[in-house]
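Structural overview for review
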Amino acid sequence: MEDELIHEIASELITAEENKQSIERFTKHRYPDLSVEQAYHIQEALIQIKRMEGDTVVAPKMGLTSKAKWDQMGVDQPIYGYIFDTMKVDGDIEFSNYIHPKIEPEIGIVLASDMQGTNITKEDVLENIEYAFSAVEVIDSRYTDFDFHLGDVIADNASSKGYIFSEERVLPDKIDLANEKVQVTINDEVVVEGIGSNVLDHPAESIAALVNMLGEKGQTVKKGEPIMTGGMTSAVLIKPGDVIKVTYSTLPTIEVAVN
Ligand code: OOG
Ligand code: MG
């Protein structure tokens, strides 16, 4: 795929985001053979455009890391994307900023030192955790009805659009990440429940997968970056008036309203 086309597809995704107007997935008619490799090239171009527009990358994130998400989205492997400073939700979730927002409860991890490699294991990660935090991701696929194949969603920066992190940090010896439970209620009704082991059997495995995927490209996962390890449950559509409460067994509770 030529650079010009890669740039053109990335621009289409950014226009869809800016206009809050969803588009048809590229694999449907236009590029049915879009590969994972090509898709990451498009994602890189998209990140580059946003940087030139003044946005700052906060951290990489993992996506599609649980069976609940695979079943929901019809895909079967983890991917990564990036979050930007402009995606931080301050106060309520402003519904009008989104096309069709969904929320996901996630476990966030900050590393104590940089990691690079292609054979990094869960154990390597567990020795290098500075702290954990709770996260609610607000995803907003640029594709109509969240209908995408793997290449489409990678190109679309893994549906990234919003995030809320707890301020309070939890030290690694105070939490069992695989057994950390989460419950999401909307307007006091339980909508989804999950556990850390839903995330590739262990959230640290998700970080290892991120280090190894970026390692294949000669890139490093840096200490100090707040990394989301991926939705622990299927994602939940939200609407104005919703009051969302995400309660974990150890990590801080996050409460947010949709405006
Ligand atoms: C892709 C979003 C992936 C996650 O945590 O699984 C992601 C999607 O479902 O639109 O952020
Ligand atoms: Mg997510």
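Remember, it's a predicted structure, so these values are computed and weren't measured experimentally.

Parameters at a glance
Residues numbered from 1 in each chain as written. Chains lettered and ligands numbered in written order. Predicted model: local features only at pLDDT ≥ 70, side-chain atom pairs only at ≥ 80, totals over all residues. Heavy atoms only, no water. Helix = DSSP H or I, 4+ residues; strand = E, 2+ residues; numbered from the N terminus. Expected span 1.5 Å × (residues − 1). Buried < 20%, exposed > 50% of the residue type's maximum accessible area, 1.4 Å probe, protein only. Arc of directions from axis to C-beta. Contact = heavy atoms within 4.5 Å. Near = heavy atom within 4 Å. Polar contact = N/O pair within 3.5 Å; in protein donor to acceptor, adjacent residues only side chain to side chain. Areas by Shrake-Rupley, 256 points an atom, 1.4 Å probe, with all protein chains shown as cover. 1 Å grid on protein atoms, 1.4 Å probe; cavity = no way out; pocket = protein on both sides within 12 Å on 5 of 7 lines; lining within 4 Å. Sits in = over half its atoms within 2 Å of the grid points. Nonpolar A, V, L, I, M, F, W, Y, C, P; charged D, E, K, R; others polar. Phe/Tyr/Trp six-rings, centres within 6.5 Å; stacked < 30°, edge-to-face > 60°. Donors = N, O, S within 2.8 Å, 3.2 Å for Na, K, Ca; no water.

Another aspect to go through is helix H1 (residues 3-19). Spacing of three or four residues puts side chains on the same side of an α-helix, whose turn is 3.6 residues. If you check H1, its first and last C-alpha atoms are 24 Å apart, about what 17 residues at 1.5 Å a residue would give, namely 24 Å. Here H1 has its buried residues at Ile6, Ile9, Ala10, Leu13, Ile14, Ala16 and Glu17. Considered in projection along H1, the buried side chains sweep an arc of 155° and stay on one side of the axis. In H1, the exposed residues that point more than 90 degrees away from the buried face are Glu4 and Asn19. Here the buried face of H1 lies against helix H2 (36-52) and helix H5 (150-155). A positive backbone phi angle near 55° is found at lysine 20, which sits one or two residues after H1.

Before going further, it helps to spend a moment on the site of ligand 1. Close contacts around ligand 1 come from 17 residues, with Leu64, Lys69, Glu104, Ser159 and Gly231 the closest. Here an oxygen atom of ligand 1 and a side-chain polar atom of lysine 61 are 2.9 Å apart. Contact distances for ligand 1 include 2.9 Å between an oxygen atom and a side-chain N or O atom of glutamate 137. Isolated, ligand 1 exposes 310 Å² of accessible area, and the fraction of that covered by the protein chains is 100%. Among the detected pockets, ligand 1 sits in the largest cavity. Taken together, the elements giving at least two residues each to the shell around ligand 1 come down to strand E1 (57-63), helix H3 (67-73), strand E3 (102-111) and strand E4 (129-139). Its residues assigned to classes, the shell around ligand 1 comprises eight nonpolar, four polar and five charged.

Before going further, it helps to spend a moment on the packing of aromatic side chains. In total, this model carries eight aromatic pairs according to the counting rule given. With a centroid separation of 4.6 Å and 25° between ring planes, the pair formed by tyrosine 163 and phenylalanine 165 is classed as stacked. By relative accessible area, which is 5% here, tyrosine 163 ends up buried. Since its relative accessible area comes to 22%, phenylalanine 165 is described here as partly exposed. Taken together, the ring pairs connect Phe26, Tyr31, Tyr143 and Phe148 into an aromatic cluster.

Now for the coordination of the magnesium ion (ligand 2). Glu104 (OE), Glu106 (OE) and Glu137 (OE) make up the full set of protein donors to the magnesium ion (ligand 2), lying at 2.0 to 2.1 Å. Taken in chain order, the donor set of the magnesium ion (ligand 2) reads E-x1-E-x30-E. Separated by 33 residues along the polypeptide, glutamate 104 in strand E3 and glutamate 137 in strand E4 bring together distant segments of the chain. Residue classification places glutamate 137 among the buried positions, given a relative accessible area of 1%.

This next bit is on helix H6 (residues 203-215). Compared with the 18 Å implied by 1.5 Å per residue over 13 residues, the 18 Å span of H6 between its first and last C-alpha is a close match. Most of H6 is tucked away: eleven of the 13 residues are buried. Listed in full, the buried residues belonging to H6 are Pro203, Ala204, Ser206, Ile207, Ala208, Ala209, Leu210, Val211, Asn212, Leu214 and Gly215. Next to the buried residues of H6 lie E1, strand E2 (79-84), E3, helix H4 (122-126) and strand E8 (227-228).

No statement about biological role is implied by the geometric values presented.
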